[in-house]
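Structural overview
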Amino acid sequence: MVYPPKVAKEPPLLERGPIAWVRRNLLSSPYNIAFTILGLAILYMIIPPFVKWAIIDANFVGHSKADCTGNGACWVFVKEKLNMFFFGFYPHDQIWRPELVIASAAALGAFAKFVRGLHPFKLLLIVLFPIYAFVLLHGGSFGLPMVETSKWGGLLLTLVIASVGIVLSFPIGIILALGRQSKLPIIKSLSVFYIEFVRGVPLITVLFMASVVLPLFFPEGVNFDKLARALIGITLFEAAYVAENIRSGFQAIPKGQYEAADALGLSYWQKMALVILPQAIKVTIPNLVGTFISLFKDTSLVMIIGLFDLLAMVTVTANDRDWLGMDTEGYVFVAFVFWVFTFSMSLYSKRLEKKLDTNNK
Amino acid sequence: MAEQTQTQTETPREAQGAPLPETKEDKKAIHPLGEPIIQIEKLNKWYGDFHVLKEIDLEVKKGEIVVVAGPSGSGKSTLIRCINRLEEYQEGSIKVKGIEVNNDVKNLKEVRSNVAMVFQHFNLFPHLTILENLTLAPVWVYKKPKKEAIDTAMYYLEKVNIADQAHKYPNQLSGGQQQRVAIARALCKSPDIMLFDEPTSALDPEMIGEVLDVMIKLAEEGKTMITVTHEMGFARKVADRVIFMDAGQIVEENDPETFFHHPESERLQLFLKQILNH
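From a predicted model like this one, the values you see are computed outputs, not experimental measurements. In this numbering scheme, every chain counts its residues from 1 along its sequence in written order. Labels follow written order: the first chain is A, the first ligand is 1, and so on. Per-residue local features are limited, in this predicted model, to residues with pLDDT of at least 70; the limit for side-chain atom pairs, both in listing and counting, is 80 or more; totals at the level of whole chains, interfaces and linings are taken over all residues. The side-chain values count all of the structure's non-hydrogen atoms but skip hydrogen atoms and water molecules.

Counting from the N terminus, the helices are the DSSP runs of H or I reaching at least four residues and the strands are the DSSP runs of E reaching at least two. Summing up its helical and strand segments, chain B has 11 helices and 10 strands in all. Burial analysis of chain B (278 residues in total) assigns 56% to the buried set. Contact definition: two residues touch when any of their heavy atoms are within 4.5 Å. Considering only contacts within chain B whose residues lie at least 6 apart along the sequence, 68% involve residues at least 24 apart. A positive count includes Lys and Arg, and a negative count includes Asp and Glu. His and the chain ends are not counted in either. Each charge is placed at NZ for Lys, CZ for Arg, CG for Asp and CD for Glu. Averaged over its 33 positive side-chain charges, chain B has a centre that lies 5 Å from the centre of its 42 negative ones. Only protein chains enter the accessibility calculation, which uses a 1.4 Å probe; a residue whose area is less than 20% of its type maximum is buried, one above 50% is exposed, and one in between is partly exposed.

Only the six-membered ring of Trp is used, alongside the rings of Phe and Tyr, when aromatic pairs are assigned; centres must lie within 6.5 Å, and planes under 30 degrees apart are stacked while those over 60 apart are edge-to-face, with the rest tilted. Under the criterion given, the structure shown has 18 aromatic pairs over all chains. Centroid distance A:Phe89 to A:Phe308: 5.7 Å. Interplanar angle 90°. Geometry classified as edge-to-face. Taken as a pair, A:Phe89 in the loop between helix 4 (82-87) and helix 5 (96-112) and A:Phe308 in strand 1 (residues 308-309) lie far apart in primary sequence, 219 residues in all. Under the relative-accessibility criterion, A:Phe89 is labelled partly exposed at 33%. Its relative accessible area of 31% is what places A:Phe308 among the partly exposed residues. The interplanar angle of 45° and the centroid separation of 5.7 Å between the aromatic rings of A:Phe129 and A:Tyr132 together place this pair among those described as tilted. Taken together, the residues A:Phe129 and A:Tyr132, both in helix 6 (residues 120-138) and three residues apart, mark about one turn of the helix. Members of the aromatic cluster, each reached through a chain of ring pairs, are A:Phe85, A:Phe86, A:Phe87 and A:Phe333. Cation placement over rings: the criterion is NZ of Lys or CZ of Arg within 6 Å of the ring centroid and within 35° of the ring normal. In this arrangement the basic side chain of B:Arg185 is found over the ring face of B:Phe125, its NZ or CZ atom lying 4.6 Å from the centre. Positioned over the ring face of B:Phe260 is B:Arg236, at 4.8 Å from the centre of the ring.

This next bit is on helix 7 (residues 175-187) of chain B. To estimate how far a helix should extend, the number of its residues minus one is multiplied by 1.5 Å. Helix length check: helix 7 of chain B, at 13 residues, gives a terminal C-alpha distance of 18 Å against a target of 18 Å (1.5 Å per residue), a fit within 8%. When you tally the buried positions in helix 7 of chain B, you get 13 out of 13 residues, the bulk of the element.

Another point: the interface of chain A and chain B. One widely used convention gives an interface's size as the accessible area the parts lose upon coming together. Residue-level contacts link 19 residues of chain A with 23 residues of chain B. Buried area is a sum: the accessible area each of two parts loses on coming together, probed at 1.4 Å, counted once for each and added. Where chain A abuts chain B, roughly 2,000 Å² becomes buried across the two surfaces, and 60% of that area is made up of carbon and sulfur atoms. Salt bridges are defined as contacts in which a side-chain nitrogen from Lys or Arg sits within 4 Å of a carboxyl oxygen from Asp or Glu. In this assembly, chain A and chain B are joined by one salt bridge. B:Arg81 is the salt-bridge partner of A:Glu259, the closest N and O atoms lying 2.6 Å from each other. Distance and chemistry together define a polar contact, namely a pair of N or O atoms within 3.5 Å, with one atom able to donate a hydrogen and the other to accept it when in protein, and with adjacent residues in sequence counting only for side-chain atoms on both sides. Remark: the boundary between chain A and chain B carries eight residue pairs in polar contact (both at pLDDT 80 or more).

For helix 14 (residues 327-356) of chain A, built from 30 residues, the straight-helix expectation of 44 Å at 1.5 Å per residue is met to within 8% by its first-to-last C-alpha distance of 43 Å. Buried residues of helix 14 of chain A: A:Glu329, A:Gly330, A:Phe333, A:Val334, A:Val337, A:Phe338, A:Thr342, A:Met345 and A:Ser349, and no others.

Let us look at the sheet that holds strand 4 (residues 91-96) of chain B. Residue and element names in this part refer to chain B. Following DSSP output, two strands are said to pair if at least two bridges run between them. Spatial ordering of the open sheet is given by 2-1-4-5, a layout of four strands whose pairing is antiparallel. Looking along the sheet, the strands with just one partner apiece sit at the ends: strand 2 (50-61) and strand 5 (99-100). As judged from the two bridges shared by strand 4 and strand 5, these two strands associate in the antiparallel manner. Bridge pairing in strand 5 links lysine 95 to glutamate 100. Here, axes are lines fitted to C-alpha atoms. For helices the fit covers the stretch in contact, and angles between N-to-C directions go from 0 to 180 degrees. Together, strand 1 (36-47), strand 2 and strand 4 form the strand contacts of helix 3 (residues 76-83), whose direction differs from that of strand 1 by roughly 120°.

Turning our eyes to something else, we now look at the nonpolar core. Formed by 95 residues in total, the largest nonpolar core has its most connected members in A:Trp152, A:Phe250, B:Ile40, B:Leu43 and B:Ile226. Considering every element that reaches this core, the biggest residue donor is helix 12 (residues 268-298) of chain A, with 13 residues. Residues in contact with A:Trp152, not counting those within four places in the same chain, are A:Phe87, A:Tyr90, A:Phe134, A:Leu137, A:His138, A:Val147, A:Leu157, A:Val160, A:Leu227 and A:Phe308. B:Val118, B:Ala184, B:Met215 and B:Ile216 belong to the second largest nonpolar core, which has 50 residues in total. Definition of nonpolar core: a set of buried residues of the types Ala, Val, Leu, Ile, Met, Phe, Trp, Tyr and Cys, connected through side-chain atoms within 4.5 Å.

Another point: the sheet that holds strand 6 (residues 115-118) of chain B. Residues and elements named next belong to chain B. Pairing is mixed across the open sheet formed by six strands, whose spatial order is 6-7-8-3-9-10. Of all the strands in the sheet, just strand 6 and strand 10 (249-254) have a single pairing partner and so form its edges. On average, adjacent strands in this sheet sit at an angle of 20° to one another, irrespective of strand direction. Pairing of strand 9 (residues 241-246) with strand 10, which is carried by five bridges, proceeds in the antiparallel orientation. Bridge pairing links valine 242 to asparagine 254 in strand 10. The strands that helix 7 touches are strand 6 and strand 7 (193-197); relative to strand 6, the one it contacts most, it runs at about 175°.

Tallied over the entire structure, the rule returns 19 salt bridges over all chains. Across the salt bridge formed by A:Arg247 and A:Glu244, the nearest N and O atoms sit 3.1 Å from each other. Pair noted here: A:Arg247 and A:Glu244 are both in helix 10 (residues 226-251), with a separation of three residues, about one helical turn. Looking at A:Glu244, the relative accessible area reads 12%, which means it is buried. Two residues, B:Arg241 and B:Glu64, come together in a salt bridge whose shortest N-O distance is 2.9 Å. You can see B:Arg241 sitting in strand 9 and its partner B:Glu64 sitting in the loop between strand 2 and strand 3 (65-69), a full 177 residues away along the chain. B:Arg241 gets classed as buried once you look at its relative accessible area, which sits at 14%. Put simply, A:Arg180, A:Glu196, A:Arg199, A:Glu244 and A:Arg247 are held in one network by salt bridges that share partners.

Once that is clear, we can look at unusual backbone geometry. All names here are of chain B. One non-glycine residue, lysine 42, adopts positive backbone phi at about 45°. As for its position among the elements, lysine 42 is in strand 1. Located in the positive-phi region is asparagine 161, a residue other than glycine, with phi close to 60°. For asparagine 161, a relative accessible area of 58% corresponds to the exposed category.

Turning our eyes to something else, we now look at the pairing of strand 8 (residues 224-228) of chain B. Residues and elements named next belong to chain B. Of all five residues making up strand 8, five are buried, and the element is well covered by its neighbours. Here strand 8 shows no split at all, with Thr224, Ile226 and Val228 on one side and Met225 and Thr227 on the other all buried. Here strand 3 runs beside strand 8; their pairing, made up of four bridges, is parallel. Bridge assignment links valine 68 to a residue of strand 8, and that residue is valine 228.

Right, let's talk about the environment of B:Asn114 for a bit. All names here are of chain B. Considering the arrangement of structural elements, one finds asparagine 114 in helix 4 (residues 105-114). Classification of asparagine 114 as buried rests on a relative accessible area of 2%. Sequence separation of asparagine 114 and aspartate 104 is 10 residues, and the distance between their C-alpha atoms is 16 Å. Within polar-contact distance, the side chain of asparagine 114 engages the backbone oxygen of glutamate 110 at 3.2 Å.

Here we take up the environment of A:Gly233. All names here are of chain A. Among the structural elements, glycine 233 can be located in helix 10. Residue glycine 233 is classed as buried on the basis of its relative accessible area, which comes to 8%. Considered as a pair, glycine 233 and glycine 165 are 68 residues apart in the sequence and their alpha carbons are 9.2 Å apart.

Here's what the structure looks like:
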């Protein structure tokens, strides 16, 4: 008995397209139907009033509180205080400097996309850019007036803390993770002690230590920059979390990968740098980005040691006598800015995961 | 013979006009066995309290094809993994080309540059393309110029009939293709000795043939090979010697003819009956 070949057909109409999607995801069971209705009701209660407040009834035009009439949001406040939100107390006439730094960072990012792989030039930029940014922001040389770090604030400060924290905690975290994997007992126990100790302490404590307790150990008259102390504290704190993320990546690598690298004659460092770490980091990207997103938001804690990041700027600006009672607009705006950054980070991580996925291209 | 003195510089033998041997006897005439290249003496190994290798004595000559057979857990994989020190051992000695396989970093480097291994699960590096898998060790460990490493890699990919996949990633290939890539990767450092650790055990039946064909080709070219395998057809066709291991010791070793048709020990007779008559 031989059967003739059969032609592939489309699935039945109700099983494909948007109808099938709605049936499967929204109306598949009585519970599901109930939750769908409940969800729609909640959305109905939240979204229209918010849209009414934030857009329909809102005031966009004007220069003072008096221009804000009606019950809607007063975006005039945000518009007038935008420089404060973005740059804190950075002198008005010098704001081109942070703007230039941010513009060049964006330009370099776009440029880096065109240079493939880990070109040595990229590595050079990672070292040179922070120096360039520091010289430009801090000044005091090349004829630029000095702007002390205590004047930095707002989004600028948030970005400085977050990017320094991310860029520095990453290599330190890798070294700690390797240390924790090490066969040498002293290195291993030092790494384990460091990681577990730091993870046992809240970030607020670390910042407080860095800002208040650390100076007690300095000799009289030595004044170590407050922002630098906070940066060191945050970097060392995050490094422990990065290390644990990467360690979980190591555990996902099959033993055969180590053996194949050994059998090919690779040294320990070659094996780690060329075979194990690239794979370990790849599987940890979602976790790593999660850690970096919380780092980004945790920067707000520097408020506790008297640095004014983006969130702290709400308090500062809404305490302006001309703009009292504008906290809501400030918080909504700041939340939106935070969301733009964190969401971009998670989009980037998704893209990176896809790009590095070598399973089915 | 010229072949004998040629150790490091692996040049295409077909290109030299040397005919591929038709039978095992022909092969022996073209590539007579050389000096002992692996010497294992009184090797003992324990996993904790478990005695996995018991007083192993084994000598392999240059150009010899040795097949190691035996039930699972008999220590055959452990034995060949000791030769390139993927496993450490507690007593006895292993010498590869006269170099002691021990903790000494310099010795280890020397040994691993002479011994290549092919694994049951291929162990290709999934984040690198096929070509990158092959050039990784030559470029980083043996400091070959990139161009030369790529040429060598393409030569061996050609040889295992997979050159057209050079820019794909390992997970895009079938198991048989991956294992052939793994063999090409092992060949890229021109090793004197190839260790095969159950190279076909993880493959679908229809892919075993293509991998065995590559291995047979290597064997016919006079490469020293130690192969742990259950493929008795391969053993019969190319092995100079078959070793039967059970419970951590070598029970019997013989030429394939005697091994398969006149097994001496009762244990081997039983084993052959189990694997051949089903």
